[in-house]
Amino acid sequence: MKTFEQLYIDGNWVTSQGDQTLEVINPATAEVYATVPSANKQDVELAIKAAKGAFDEWSAQPTEVRVAVINAIADGMQARKDELVEAIVGSMGCPISIAEDLQVQGSIDALRSFAVLAPEMDKQETFDSHIVVNEAVGVCVLINPWNYPLSQLMGKLGPALAAGCTVVVKPAEQTPLQDLILADIINQTTLPKGVFNLLTGVGSQIGEALCSHPDVDMVSFTGSTQAGIKVAQAAAPTVKRVCQELGGKSPFIIAPGADLNAAVRYGVEDVMLNSGQTCSALTRMLVPAAQLAEVEKVAKDVAAEWQPNDPMLEATNMGPLSSHLQQSRVLAYIEKGIGEGATLLCGGTSVANELIKGAYIAPTIFSNVSNDMTIAQEEIFGPVLCILPYDDIEQAIAIANDTPFGLASAVYAADNAAAIKIGRKLRAGQCYLQGAYFNSDAPFGGYKQSGNGREWGLDGLKEYTETKALLIDTEAK
Ligand code: NAD
């Protein structure tokens, strides 16, 4: 078991002002994997004070300095990649091969993309009467969930540092370890003291103190819609900017004429990846009713390729869910789906006996789902796919948009032009066409109750900026 005893505040490892600790449980074994400090409100005060104190100097640094530090952090992550992978596998059960590639290498590469984008901060637009410049928004609180813990941190920390902001970071209770390693990496760089501060702790205990603090200029929150609402409420009295990246229930329209085998494979794999714990997972597959039987057969065959197993084995493609609590939530949804009359094609509750201690769930597919069922409306956040038949494409688009969420969507059609035409009608922040995948250069974020912010790419950088107009009297010198 690993024991982490300190928080990282103002460029130093410090003991928490309180005496509480948090246990990090390995969801594959149900054993305690690590313990970390649980920060209290006094720690929050100290971290925000440090971030505020560091802001003027850091935001005034030339872009080259910020770029060099971002790249130095990425170099440090690369050098300690194995440790980062181990932390993620041990705390949230992601299979090692996926953790190496998607969770860690992808995060390092994505951080570097913000070093490339940082010079955008120096650009200004000149008009007849005024000049428009972008400046760092200020002190930012960055709150993250547990499903892609390092990637989500890079999607916030990268643009915050590139823009010249200072930060207080709070990882999810379940997955604080990669953030602690990152703090150690940052400690070896020339990042000025106070720019990066890390509090491990419980959102319901310190979240309000972080989000309501008058010295915080922006909160960037990724997590559930319920917690996102509380964050916005806490932030409202001080009128700070809140960037919300929330839940989803994303539709995937397979249009008539699409390559059915390729489309169904793509859709099933998308949902099973990371044990279904991906906010943008395409969990509602809309298929032509006339092709339902064919779709069901392909979907079952592809699901059979995803077998839960020990995440430490190289060959494993599906680990446990991130916690036993998450497992019980997902099992309750499966029961609900059966009760609502959907057809259980495969999965459900079964896992092999030797895995019984872990938070595993077999790949689960429901067919004949109607869009008013709970399993079609609520985010399950597990390896559960719903197949919904439709009669014509306009009905498919209406069903796709009939959700309180709007994070992602996808279309597979006969060709790109047909897919784009349908994609333009879907009310979601991203639309994956013809089997496309997440790309950290493209803006990502939600419509409706999936959030109001954009992460990644130039839009992701702009979230961390204020726009200033310098108005000039052209008659004066
Ligand atoms: P969660 O909302 O329970 O927790 C997320 C974070 O919020 C944690 O760090 C938690 O400690 C903190 N938190 C909880 N209550 C808080 C409060 N009152 N104030 C401040 N912080 C608080 O979510 P989760 O279970 O960790 O993550 C799963 C959810 O995240 C899913 O709904 C998923 O769709 C969503 N998600 C969204 C995106 C996106 O980019 N839109 C990405 C990944 C995950």
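Residues numbered from 1 in each chain as written. Predicted model: local features only at pLDDT ≥ 70, side-chain atom pairs only at ≥ 80, totals over all residues. Heavy atoms only, no water.

What follows covers the site of the ligand. The environment of the ligand is formed by 27 residues, the closest being Asn-144, Glu-173, Ser-224, Leu-246 and Glu-379. Within the contact set of the ligand, an oxygen atom lies 2.6 Å away from a side-chain nitrogen or oxygen of Ser-224. The biggest single contributor to the shell around the ligand is helix α8 (residues 225–235), with three residues. Residue composition of the shell around the ligand, grouped by class: 13 nonpolar, nine polar and five charged. Two domains each donate at least three residues to the shell around the ligand, and these are domain 1 (2–246 + 451–469) and domain 2 (251–439). (Near = heavy atom within 4 Å. Polar contact = N/O pair within 3.5 Å; in protein donor to acceptor, adjacent residues only side chain to side chain. Helix = DSSP H or I, 4+ residues; strand = E, 2+ residues; numbered from the N terminus. Nonpolar A, V, L, I, M, F, W, Y, C, P; charged D, E, K, R; others polar. Domains from an automatic or database assignment.)

For the rest of this paragraph, the subject is the side chain of His-213. Position of His-213 among the secondary structure elements: in the loop between α7 (203–212) and β11 (218–222). Of the residues examined, His-213 reaches a relative accessible area of 9% and is grouped as buried. Ignoring anything within four residues of it in the chain, the contact list for His-213 reads Glu-45, Ile-48, Thr-238 and Lys-240. (Buried < 20%, exposed > 50% of the residue type's maximum accessible area, 1.4 Å probe, protein only. Contact = heavy atoms within 4.5 Å.)

Within the largest apolar cluster, 102 residues are counted, with the highest numbers of intra-cluster contacts made by Met-77, Leu-157, Phe-196, Val-268, Met-285, Ile-365 and Ile-387. The greatest single-element share of this core, amounting to 10 residues, is contributed by helix α4 (residues 96–117). Of the domains in this structure, domain 1 (2–246 + 451–469) and domain 2 (251–439) are the two that each give at least three residues to this core. Every residue in contact with Ile-365, bar those within four places of it in the chain, is listed here: Val-268, Met-272, Ala-299, Lys-300, Ala-303, Thr-343, Leu-344, Leu-345, Cys-346, Leu-385 and Ile-387. Ranked by size, the runner-up nonpolar core spans 29 residues in total, among them Leu-286, Ile-334, Ala-396 and Ala-419. (Core = buried A, V, L, I, M, F, W, Y, C linked by side-chain atoms within 4.5 Å.)

On to the packing of helix α1 (residues 41–59) against α7. A pair of packed helices is captured by two measures, namely the crossing angle of their axes and the spacing between those axes. For the pair α1 and α7, the least separation of the axes is 9 Å and the interaxial angle reads 35°. The way α1 lies across α7 gives a crossing that is right-handed. Residues Lys-41, Val-44 and Ile-48 of α1 form the contact with α7, whose participating residues are Gln-205, Ile-206, Ala-209 and Leu-210. Taken together, the residues that form the contact of α1 with α7 break down as five nonpolar, one polar and one charged. (Axes fitted to C-alpha atoms, helices over the stretch in contact; angles between N-to-C directions. Left-handed = near helix turned anticlockwise from the far one by under 90°.)

Turning next to the domain arrangement of the protein. Here the protein is described as being made up of domain 1 (2–246 + 451–469) and domain 2 (251–439). A straight line from the C-alpha centre of domain 1 to that of domain 2 covers 30 Å. Taken residue by residue, the interface counts 23 residues in domain 1 and 28 residues in domain 2. For the domain 1 and domain 2 pair, buried surface summed over both sides reaches about 2000 Å², with 60% attributable to carbon and sulfur atoms. Linking domain 1 to domain 2 there are zero salt bridges. At the boundary of domain 1 and domain 2, one finds five residue pairs in polar contact (both at pLDDT 80 or more). Looking at the side of domain 1 that touches domain 2, the elements that each hand over two or more residues are α3 (81–92) and α4. (Buried area = accessible area lost by both parts, 1.4 Å probe. Salt bridge = Lys/Arg side-chain N within 4 Å of Asp/Glu carboxyl O.)

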